[in-house]
Structure formats: C-alpha cells, structure tokens
Amino acid sequence: MRPLWHPLSAVLLTEPPVLANGQMLRLLLKTGPLQVRYAGDRMGSAIRHGGLVSVRARWEAPTLGAVVLAQVEGAPDLLRIAAVEGERVLLQGDADPGAGHWVARDAVLGTTDLPLRRAGTGGRAARRLLADLREAWGARAEAQDGADVRAKYDAQAPFYVASEPVVDAGLLAQARRAFVPGGRVLVAGSGVGTECFALSQAGYEVAGVDFAPSMVAAAREQAHRRGLGVRFEQGDLRRHVEPAGSLAGILFTYDVYSFLADRRDRI
C-alpha cells in the first residue's frame, strides 16, 4: 500500500489557547493586529511549530510571496501567496510539495510581516524532506507515554467538531483509489471522526481508534447524531489489534505518526 502524506497545520489563539475559527478571527482583527500561535510544519522553516505570528487585517492588493492568514477548506491557516488571478489567490505552504489551494480574495483574513519568499516545487519538496528527517530521527521532549499530547487533544476536542466536517479532497480521492469499494477501513488516530464519516458516506465500513478519551467521546456522539454505524475505540496504536485479513486498508496520516513520543516507536 502506498503511503499517503497529508499536510496539516492549525492556527490557535494565544488567550485563551484554543483553535481559532474564521468568524472569530474576522471579529478580532477588526479591533487591531492579532497575535496567533502556529501549530504544524507545512510552513517550515518560515514559521516553526509553536511560533507566534502577528497578523493585521487583510491587505488591499495581494503581494506575491507574502504569508497570509486565510480560510482554506473551512479552516484558518497561514500560507504563502504563490499566484494571483483576478479575484483568486493561490496559497501554498513552504514545506508543502502539493499544488496549493486557490481561494477567493475575501477568504484571506489578514496578512503578516514575515519575509517575502518565492519558492518553487523543488524548494518546497526539499523543506518537506528535511522536516520528515527531523521528525523521524530527532529526540522528542514530550512525555514518553504521550500523556502530554493526549491532554492537549482532550482539551481541544470540542473545537474540532464541525457541523459539516471538511476532509481534504485529495486525501479522499487517494483513499478511494487505494481501498476496495465497500471494504472495511481503519482510521488510525481518528480524532472526532472527520475522516471516518467521509469514508462511511463514501460506502466503506469504517472503524476508528484514538488515544484521547474526549476525542473518542465526541466522535461517538457525532456518529450517533449522523446515524452512521462507525465504531470508535480508545486505545494505543502500538498495541491495537485487528483480525487478520479483515481490512481493505488503513488511513494513517503523517500527523498521527508524528505524535508517537518515542522515536524508536516511530521508526
């Protein structure tokens, strides 16, 4: 089975430290510049994971190479302007080798003072490779049992639940190509069930496993509300067992792998 790399990043408010949504950010930016915290690595090395970024209200004229705060596929993110065509703007991550995202100009919420940069596909791919190598071989400071990461997600679970879950279209398309239609799929690190529900609605039999109790509880509540027969289990991926030959495939994205605290487990 081919590995699937799924870029993921998020923008958090600094006080209180919660995931930000577009409507909230629009309101706050009307009062003046806003400081947000970045979580992820798709903008490395321009923005480090956990770094603070100052954002001001949206610009009048888009500037190529500028880093902006924009609503992308339903979620706010910090990305760089790669191209402008009329009322559309192409946004890309510095370490994201993908094609990027075209958004309407009014999807851009604000702009930052980060240095301008124009990077081609080769530069983005090189940064992605460096980030992967650091992740695979670098020592981790988190608790070895993952308790600190689990506590983080338990606190954030309510902010991940959306009325209409947004799933990356490219990831879903790759899953359709990789998994036998109607087969049983395990989503590793299922969170609040976003990918599980999308796969279930696409005709798959789906199960999810996650180590955060609040995430699993939220996923089960959402499954019941939607009337979907998705099974969610709380557990450790390193010890989770499925019957031999029972799966058409496993959806295991890089952001789940990166939170295994011990690098020996990741390898």
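Right above here is the structure, for reference.
Let me begin by describing the structure that accompanies this report. (Residues numbered from 1 in each chain as written. Predicted model: local features only at pLDDT ≥ 70, side-chain atom pairs only at ≥ 80, totals over all residues. Heavy atoms only, no water.)

Concerning the pattern of salt bridges
For the coordinates displayed, the defined rule picks out 12 salt bridges. The shortest N-O distance in the salt bridge between D94 and R117 comes to 2.8 Å. Placement of the pair is D94 in the loop between strand 6 (88–92) and strand 7 (101–104) and R117 in the loop between strand 8 (108–112) and helix 2 (121–137), with a sequence separation of 23 residues. Residue D94 is classed as buried on the basis of its relative accessible area, which comes to 3%. (Salt bridge = Lys/Arg side-chain N within 4 Å of Asp/Glu carboxyl O. Helix = DSSP H or I, 4+ residues; strand = E, 2+ residues; numbered from the N terminus. Buried < 20%, exposed > 50% of the residue type's maximum accessible area, 1.4 Å probe, protein only.)

Focus: the sheet that holds strand 9 (residues 184–188)
Judged by pairing direction, the sheet is parallel, and its four strands sit side by side in the order 11-10-9-12 without closing on themselves. On the outer flanks of this sheet lie strand 11 (231–234) and strand 12 (249–251), each paired with one strand and no other. This sheet shows a mean twist of 20° between the axes of neighbouring strands, independent of strand direction. Of the strand pairs in this sheet, strand 9 and strand 12 are connected by three bridges, and their pairing is parallel. Following the sheet pairing, V187 is matched in strand 12 by L251. Relative to the sheet, helix 5 (residues 194–201) contacts strand 9, strand 10 (205–210), strand 11 and strand 12, its axis offset from that of strand 10 by approximately 175°. (Pairing = 2+ DSSP bridges. Axes fitted to C-alpha atoms, helices over the stretch in contact; angles between N-to-C directions. Contact = heavy atoms within 4.5 Å.)

Observations regarding the environment of F232
Summarising the element assignment, F232 is placed in strand 11. Classification of F232 as buried rests on a relative accessible area of 5%. Taking C-alpha positions, F232 is 9.7 Å from M215, a pair spaced 17 residues apart along the chain. Look past the residues within four positions of F232 in its chain and what remains in contact with it is S190, G193, C196, F197, G208, V216, A219, R220 and A223.

Here's the deal with the sheet that holds strand 2 (residues 34–40)
Adjacent strands of a sheet pair through backbone hydrogen bonds, lying either parallel or antiparallel. Taken together, the eight strands give an open sheet; going across it, the order is 1-2-3-8-4-5-6-7, and neighbouring strands pair in antiparallel fashion. Bordering the open sheet on either side are strand 1 (9–13) and strand 7, each of which pairs with just one other strand. Sheet twist, expressed as the mean angle between neighbouring strand axes with direction ignored, is 45°. Looking at chain direction, strand 3 (residues 52–57) and strand 8 are connected through three bridges and run antiparallel. What sits directly across from A57, in strand 8, is G110.

Quick look at the environment of G189
By the element assignment, G189 lies in the loop between strand 9 and helix 5. For G189, a relative accessible area of 22% gives the class partly exposed. With 20 residues separating them along the chain, G189 and V209 place their C-alpha atoms 5.6 Å apart. The contact partners of G189, leaving out residues within four places of it in the chain, are V209, D210, L237 and V256.

Points about the packing of aromatic side chains
Counted by the stated rule, this structure contains two aromatic pairs. Relative to Y204, the ring of F179 lies with its centre 6.2 Å away and its plane at 85°, an arrangement referred to as edge-to-face. Taken together, the residues span a long stretch of sequence, with F179 in the loop between helix 4 (169–178) and strand 9 and Y204 in the loop between helix 5 and strand 10 at a distance of 25 residues. With respect to class, F179 is no different from Y204; both count as buried. Taken together, a centroid distance of 5.8 Å and an interplanar angle of 80° make the contact between F197 and F232 edge-to-face. Here the residue F197 occupies a position in helix 5, and F232 occupies one in strand 11, the gap between them amounting to 35 residues. Summarising the burial analysis for this pair, F197 and F232 share the class buried. In this arrangement the basic side chain of R88 is found over the ring face of W102, its NZ or CZ atom lying 4.1 Å from the centre. (Phe/Tyr/Trp six-rings, centres within 6.5 Å; stacked < 30°, edge-to-face > 60°. Lys NZ or Arg CZ within 6 Å of the ring centre and 35° of its normal.)

What to know about the nonpolar core
In this structure, L25, V36, I47, L69, L78 and L91 are the most contacted members of the largest nonpolar core, which totals 27 residues. Elements with a minimum of two residues in this core: strand 1, helix 1 (22–29), strand 2, strand 3, strand 4 (67–72), strand 5 (75–85), strand 6 and strand 8. For this core, the leading source of residues is strand 4, giving five residues. For L91, the contacting residues outside a window of four places in its chain are V68, A70, V72, L79, R80, I81, G100, H101 and V103. Ranked by size, the runner-up nonpolar core spans 17 residues in total, among them L171, F197, L199 and V230. (Core = buried A, V, L, I, M, F, W, Y, C linked by side-chain atoms within 4.5 Å.)

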